[in-house]
Structure formats: structure tokens, C-alpha cells
Amino acid sequence: MNPSQQHLPKPCPKRLFFFTPVLFFSLYYILTTIQTITISSSQFPHQSPQLQEPSISHYSSLPEPSISHQTSLPEPSENKSPSSYFPLCPKNFTNYLPCHDPSTARQYSIERHYRRERHCPNSAHGKLRCLVPKPFGYKTPFPWPDSRSYAWFKNVPFKKLAEFKKSQNWVRLEGDRFVFPGGGTSFPGGVKDYVDVIMSVLPLASGSTRTVLDVGCGVASFGAFLLDYNMLTMSIAPRDIHEAQVQFALERGLPAMLGVLSTYKLPYPSKSFDMVHCSRCLVNWTAYDGLYLMEVDRVLRPDGYWVLSGPPVTSTVKFKNQKRGFKNLQKEMEKLNHVFTRVCWEKIAERYPVVVWRKPSNHLLCTQRLKKALKFPGFCSSSDPDIAWYIEMEPCITPLQDVNDTHKTTIRNWHERLNHAGSVHGVTISSFKADTNLWQRIVVYYDTKLKFLSNGKYRNIMDMNAGLGGFAAALIKYPMWVMNVVPFDLEPNTLGVVYDRGLIGTYMNWCEAFSTYPRTYDLIHANGVFSLYLDKCDIVDILLEMQRLLRPEGAVIIRDRFDVLIKVNDITNQMRWSGTIYPDEENSGFDHGTILIVDNSIT
């Protein structure tokens, strides 16, 4: 057994599946016999831990590839017959989530919400080999900033949130569109007054708070409002009964991804966020000796803020005149305060409906005090707290530098931090500046081919191999945001640099599917991704995942070796993507690389 699995909740017994889905897909196979191309490779050595093989998944009877696995990329073919194209998936795969599939999640334990963690297909035969279709009646999303307030119902055809959260003003359905009035569970009257309360006790407008994590984000109205103060929020929520809240957030043009505090660490480096927020996020912060709060402590910066609203904080005020209920709430609040004390946080403000705690800049005085009282949970022994891809949470405190306040490492205010690299990540100043300057020039070159910077069509951007975040930094003055993805096993690990710059991102293994819904990104940038994964997994699956992520009229920029792009282009042709390869130009004055551009807006 993998050591990382030893303490995980045990999966539920395998369930039997009815014959009906298998019969359906068998008929589908007969009707859509196709030829697909697969590219084989060695097994990736760092696959995510799988607690249990699915018995029969709901896509197990999809067509098998007609060509056996090969040891190299397939040769490009000039003439394509209709049978060589990838087929459309069945209509019920419109909102397909490979790693958050409800039909397979049920076989996993509900303990610690393990069922809501990532559970990806772990074999080539378990992966979908078809193109995820758009829903009937799909329309081009509203452009930014209109998308912050409106979304087409046909694009996200889910009524549950509008019905369940009607009194809290999360979202309303008005005719053919959703309207987002800015409400939330803790701020049904609107997010502005709620944020005003927080700003009355915290210097949010000073530029010192830039990166925010919103746990249990709803439709991301909190993060949407913080954009007005140059704060960038990573909004996370699991796939649950509320259905598609993260998809609503992304349809609005707001940064979000599926995520849950459960078993594994959040896929972010340590000391990433200047502030973490929870507005009635339904996390039991006192459970498991404060384990979830210790994980928040790991990703929160020294001197960072933790803002909490909802029970028991708001309820203590609401029911203070009701003796019986108030006494129980007081006990809950005492337990919560005890956990905060154990992680060395200090309560700095309490103003209805929020309470604010602050993480210390170091642990010197706190540990001395708590060790005497036998309350300190102990420091984590891990040599690298930034490692966080399928790593179990630990009931320990991530240690801070043992320095006094006069020598502590500080993060500069926004915008200055964007072009400043600290020394803690092993990046030299000269290499950082060279990378920043290079990406400024490359982005200008990209725009000569795609014209994407100022046309207003592209809001949600993904960089599949972000490096130091230079691509995102070059886009900062445009009305776009970038999900900076860093492959989890890449050396050096640069995601910490991305966050130090005031940008956001996540770890990822592109042999698996990303934690998001289909059609959530306008532009996908892949720099060196296919060269990186050639010997790790089948790049056909990576390209099909890109199709799942991309909006129907979106664009793709792939920068890689010329020989790799020739092969990639042959596969994208089978996906009905029309791409153009632009070779490197020797007289351009700099190395912009060879690129393949797919622009689906002109097809």
C-alpha cells in the first residue's frame, strides 16, 4: 500500500451497476464506430493515489481506440476521412467532470468528505475519447464586465441555486438569463456592505492584501467585489447539492476551481494567500483537532488575515438573549478560539457579522507559551511545505522563520510585487528579469497573430505551464485573469514565485483532468507542455482535456518544438480544430519560439 493511503478513509464497498448504461453506450458504439489515434508512453511515476478501482464507470462502453498504442507520435496524415475525426460525446456528457464524477464518487467514503476529493480515471480505458458537446442553445458569454452581473441560462442550465438561495440573493433567473445581485449567505443584502465592515477593521485598500482564498465561495460574489480593490481571489467550492456554483463563477469571468478541505492538502504552496475568507462555508474548523485550520495556516502568509462569518460567530450575536441557544453557541465559540490559540493566531477584530484573526510573523513567543501549557500541536517535519499534490493534511503547524520582526521577509505591496522576485524560491534576480522581459515580447508577438489583447473576447485565461508567471504578468494591464498552472513535479517548483508576484494558480498533473467544468476558459496557453509530457502519458488525452476546458469560440496558443507541433496539429485536426503553425523567425531579434494557434472564433 502506498504510504500516503494508510490513514485515508476506507472506500465504500463496490456497488453493482445496472445494465442499462452499458447497453446505451454499446448502441452508441455501433452507431458511431470511429477510428481514433492513441499515443502510448510509459506510466507516469507519480500518479495520484487511487483507493479503489471503479467497478464499471458510466463511460466504460465508449468506443475503444481502433489503433493500438504506439511507442512514438503518429505520423501526420494529409487526407482525413470522416471516420478519422473524434466523435461528439453523448448529450448527457455536456457537463462532464472526469475527476469529480458523481456516478463514480459514490463508491468512496463520505468520511471527512473524501467522496468530494479528486477521483480520476486511472487507466487509458477509463478515459473519455470524444469531444464534450456544448449544451443546446449555448450562446457566447456576456463580455466582461457585463458577465459579472449576467449569464445565459442555456450556458449553465441549472435552476437549483436560484431556487435554494432565492432569499439570500445569490442568483436570480430572469427570462433567458441569470442575474447576480451580489448577495450571499452572510450578506443577503449585498456584498458591498459586508466588505465595508471588513475594510473598517483591515487595511484592504492599502495594497498589502492582494491574493485571497475564498473557501466555500458560492457564485464568487465576494471575490468579484474585491476586484475593485485590486485583490485577486481564488474561489473554491466542491461539487455538491448546490450544483455548479464554481461553473457560475467562471461563467461570470471570475477565478474559481473545484476544491474541498477534506483529506489532501489544497493544491497551493505554503504562504500563498494574504487573506483567507470563510462565509458560512460549512467547514467544521474544530474537527480533527483543528486539522483544517492547520491547512489554512499552511497556505496563509505570515501576518495574513483569516476572516470568518457565519455560525458560531454571527449566531452568538443573534441569539445572545436566548439563554439556552446562546450557551451552546458560546461553547462552540470557545472551542473555536481554543483551536486558533493552538495555531498561534490572534483575534484582532470582531464586528458583526465577521471576526478577524491574524497569523503571526514568527512562532518564537507563541511556542514558548504553548509548550508550557502542553497545547502546541507541534511543527510539521516535512522538509518542503510547498509540496501539496495528493499529499495528506497533517495535524501540525508549518514552521515559520525563527527571526525577529526586524529581519522578517516581507512581501511588497501591489503593484510593486508583480516585478519583484524574492530570494526564498531560489530564483536569481537576473533570471527573473530576463524571463519577465522575454514574456513581454512574446505576448506582443502572439498578438500580431491572434489579436487577443484588446478585442474583449478573452477573459478567463489558463497557462498550462506557467513557470515564473511571466505570461500572466505581461497581460496584467488587460481585462483578463490567468490561472497559472505549474506541473506538480517540475523542478524548480515555481508556483511560490507566482503567488509572491500577486498572481494565482495551482499545481496540476496534465495526465489527469483539471478541477473545473467544461467550457470555462476563453484562451489556453501551453508553453512546452507536450514536450514535457511525451514520456509521461498520452498527449491525445491532454488535447481532449483542453477541448473540454475551452469555450466553443475560444483560442489555443501552443509553443513547443516544431516536430512536436506538427504531430499535435495532426491530432487537433481530428478534433475539428483548424490550427496554423508559425515557425520561429531568425531575424525577429529574439526567440519567440514556434507556435501553433487555434482560433475557433473564425470557424
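Residues numbered from 1 in each chain as written. Predicted model: local features only at pLDDT ≥ 70, side-chain atom pairs only at ≥ 80, totals over all residues. Heavy atoms only, no water.

Going by what an unreviewed UniProt entry lists, the chain is known as Methyltransferase and is assigned to Noccaea caerulescens. Taken directly from UniProt, the Sequence similarities (unreviewed entry) text for the chain runs: "Belongs to the methyltransferase superfamily." (UniProt positions renumbered as here; feature names shortened; annotations may be inferred.)

Novice: Talk me through the packing of aromatic side chains; I want residue IDs and the actual numbers.
Specialist: Summed over the entire model, instances satisfying the criterion amount to 26 aromatic pairs. When the ring of W389 is compared with that of Y390, the centres are 5.0 Å apart and the planes differ by 70°; the resulting orientation is edge-to-face. The two residues W389 and Y390 agree in class, both being buried. What links up through ring pairs into an aromatic cluster is the set Y108, Y114, Y264, W389, Y390 and F488. In this structure, R112 packs its charged tip against the face of Y288, placed 5.4 Å from the ring centre. (Phe/Tyr/Trp six-rings, centres within 6.5 Å; stacked < 30°, edge-to-face > 60°. Buried < 20%, exposed > 50% of the residue type's maximum accessible area, 1.4 Å probe, protein only. Lys NZ or Arg CZ within 6 Å of the ring centre and 35° of its normal.)

Novice: Tell me about helix α16 (residues 562–574), residues and numbers included.
Specialist: Spacing of three or four residues puts side chains on the same side of an α-helix, whose turn is 3.6 residues. The end-to-end C-alpha distance of α16, which contains 13 residues, comes to 19 Å, matching closely the 18 Å that a straight helix rising 1.5 Å per residue would cover. Count one or two residues on from α16 and you reach R576, which has phi positive near 65°. (Helix = DSSP H or I, 4+ residues; strand = E, 2+ residues; numbered from the N terminus. Expected span 1.5 Å × (residues − 1).)

Novice: Can you explain the environment of D274? Please cite residues and give values.
Specialist: Relative to the helices and strands, D274 resides in strand β7 (residues 273–279). Sequence-wise, D274 and L213 are 61 residues apart; in three dimensions their C-alpha atoms are separated by 8.3 Å. Beyond its immediate sequence surroundings of up to four residues, D274 is in contact with S208, T209, R210, T211, L300, R301, G304, Y305 and R417. Polar side-chain contacts of D274 include one of 2.8 Å to the backbone nitrogen of R210. (Contact = heavy atoms within 4.5 Å. Polar contact = N/O pair within 3.5 Å; in protein donor to acceptor, adjacent residues only side chain to side chain.)

Novice: Kindly report on the side chain of S309, identifying the contributing residues and their values.
Specialist: Mapped onto the fold, S309 is located in strand β8 (residues 300–309). Among the polar contacts listed, one links the side chain of S309 to the side chain of Y194, at a separation of 2.8 Å. Here the side chain of S309 touches S279 through a polar contact of 3.3 Å, side chain to side chain. When near neighbours in sequence (up to four residues on either side) are disregarded, S309 contacts S186, Y194, C278, S279, R280, P353 and V354.

Novice: Account for helix α4 (residues 191–199), naming residues and giving values.
Specialist: By the burial criterion, the buried members of α4 are V191, Y194, V195, V197 and I198. The arc that holds the buried residues of α4, viewed along the axis, is 150°, so those residues lie on one side. (Arc of directions from axis to C-beta.)

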